[in-house]
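# Coordinates in review
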Amino acid sequence: MRRVYMDHAATTPVDPRVMEAMKPFFSEKYGNPSSLYSFAQEAKKAMEEAREKIADLINSSSSEVIFTSGGTESDNLAIKGVAFANKKKGKHIITSSIEHHAVLHPCEWLEKMGFEVTYLPVDNKGFVSVDKLEEEIRNDTILISIMHANNEIGTIEPIEEIGKIAKERGIYFHTDAVQTVGKIPVDVEKMNVDLLTISGHKMYGPKGVGALYVRKGTKITPLIHGGGHERNLRSGTENVSGIVGFGKAAELAAREMDKEAKRLVKLRDRLIEGALKIENSWLNGPRKRRLPNNVNIGFKFIEGESLILELDFSGIYANTGSACSSKSLKPSHVLTAIGLRPEETHGSLRFTLGKQNSDEDVDYVLEVLPNVVERLRRISPFKKDFGEYEEALAKEQSHKH
Ligand SMILES: *Cc1c(COP(=O)(O)O)cnc(C)c1O
């Protein structure tokens, strides 16, 4: 059976070239980068080269790149770290209602600690309004955190404009760029960001490694205290092999990303067009300013979880909205924020494409999907909520007789 992995927003396979680069750092070059003898300095050197590759990919200086355990830690460090370091200046934070939980949950926790958070609404395509954001800025606003692109519906936010406003008003600006770094150009200068989150395993690097870009001069407090590694912002012996792999992934992305993005856009649009031919379906998120690899389609009268299972039987790996929200039966906060009704959020399906996906994969999905949708609609538990569907079904039946 054909196997089609289309869940690259949840994680990506490690590129074989990345794996090769990592290997020596497990068994041969295992020194602790903090040790002074030459053997350990090899590890230190490899780590610093990786830092430069990450810096090059986002147009920063390597001294502004802090290695962490991944996107979640970077988001936590950015938000809590800036909040605590600047609390004398103010306790107000602005973010959006469609952020990843790695941003939303630290914000909610900070509210319990006495901070105030404004969660900006988004429009029906998932865009934050720059005007609305400007209106919400107060004298005590210390941080704005808006994601570069949304992991569920692919919306690319107007980061440059937001960054410009934040800069003018002297407010720190963080962006979660986990879904964009290595996929589309990211430039911390153009975007006017002070802090930017990256994750290794979303860009063909290993899991458990990431980075936070911290602009020089940013007031920030560490979350993890110890030996003072990573410019005192993240103590603990560094994940050298992971960092080396992450660096290699950044080097490859810098070289291959433009071509790959063009290829993915074609696959993406063909998948969108094909899926929308299925009756009673719609696209979640925008047509333009959308991640090159994101397809999110809603189907009426259907449950996403059963769609996932049915597709799984055919070797197709997709997702409902996001991997985190699919574990609970709570409707996706992103799909709710763009105005979908609960039953519509449950009928949404996300395909996120990647390096190994081909035209044949898209053909295969478009062959399997209509049949699966058709079959599930016949046994839909939502049928009762949709009087119109019952009517439509009845009409179809009578035509056949
Ligand atoms: C995956 C993801 C994260 C979390 O990154 P991890 O490295 O898995 O902790 C954060 N933000 C976004 C937008 C993501 O897609």
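Cut-offs used in this document
Residues numbered from 1 in each chain as written. Predicted model: local features only at pLDDT ≥ 70, side-chain atom pairs only at ≥ 80, totals over all residues. Heavy atoms only, no water. Pairing = 2+ DSSP bridges. Helix = DSSP H or I, 4+ residues; strand = E, 2+ residues; numbered from the N terminus. Axes fitted to C-alpha atoms, helices over the stretch in contact; angles between N-to-C directions. Domains from an automatic or database assignment. Contact = heavy atoms within 4.5 Å. Buried area = accessible area lost by both parts, 1.4 Å probe. Salt bridge = Lys/Arg side-chain N within 4 Å of Asp/Glu carboxyl O. Polar contact = N/O pair within 3.5 Å; in protein donor to acceptor, adjacent residues only side chain to side chain. Nonpolar A, V, L, I, M, F, W, Y, C, P; charged D, E, K, R; others polar.

This part takes up the sheet that holds strand S7 (residues 195-199). Read from one edge of the open sheet, seven strands run S2-S8-S7-S6-S5-S3-S4, paired in mixed fashion. Both outer strands of the open sheet, strand S2 (65-68) and strand S4 (116-120), are each paired with one neighbouring strand and no more. On average, each strand axis in the sheet is tilted by 20° relative to the strand beside it, whichever way the strands run. Here strand S6 (residues 172-176) runs beside S7; their pairing, made up of three bridges, is parallel.

The next subject is the domain arrangement of the protein. In terms of domains, the protein is made up of domain 1 (4-8 + 257-400) and domain 2 (16-254). Averaged C-alpha coordinates put domain 1 and domain 2 at centres separated by 30 Å. Contact residues are listed per partner, giving 27 residues for domain 1 and 32 residues for domain 2. When domain 1 packs against domain 2, the two sides together hide about 2,400 Å² of surface, and 59% of this comes from carbon and sulfur. At the junction of domain 1 with domain 2, the criterion picks out zero salt bridges. Where domain 1 meets domain 2, there are 12 residue pairs in polar contact (both at pLDDT 80 or more). Breaking the side of domain 1 that touches domain 2 down by element, the ones donating at least two residues are helix H8 (240-276), strand S10 (294-299) and helix H10 (333-337). For the side of domain 1 that touches domain 2, the element with the highest residue contribution is H10, accounting for four residues. Grouping the constituent residues of the side of domain 1 that touches domain 2 by class yields 10 nonpolar, 12 polar and five charged.

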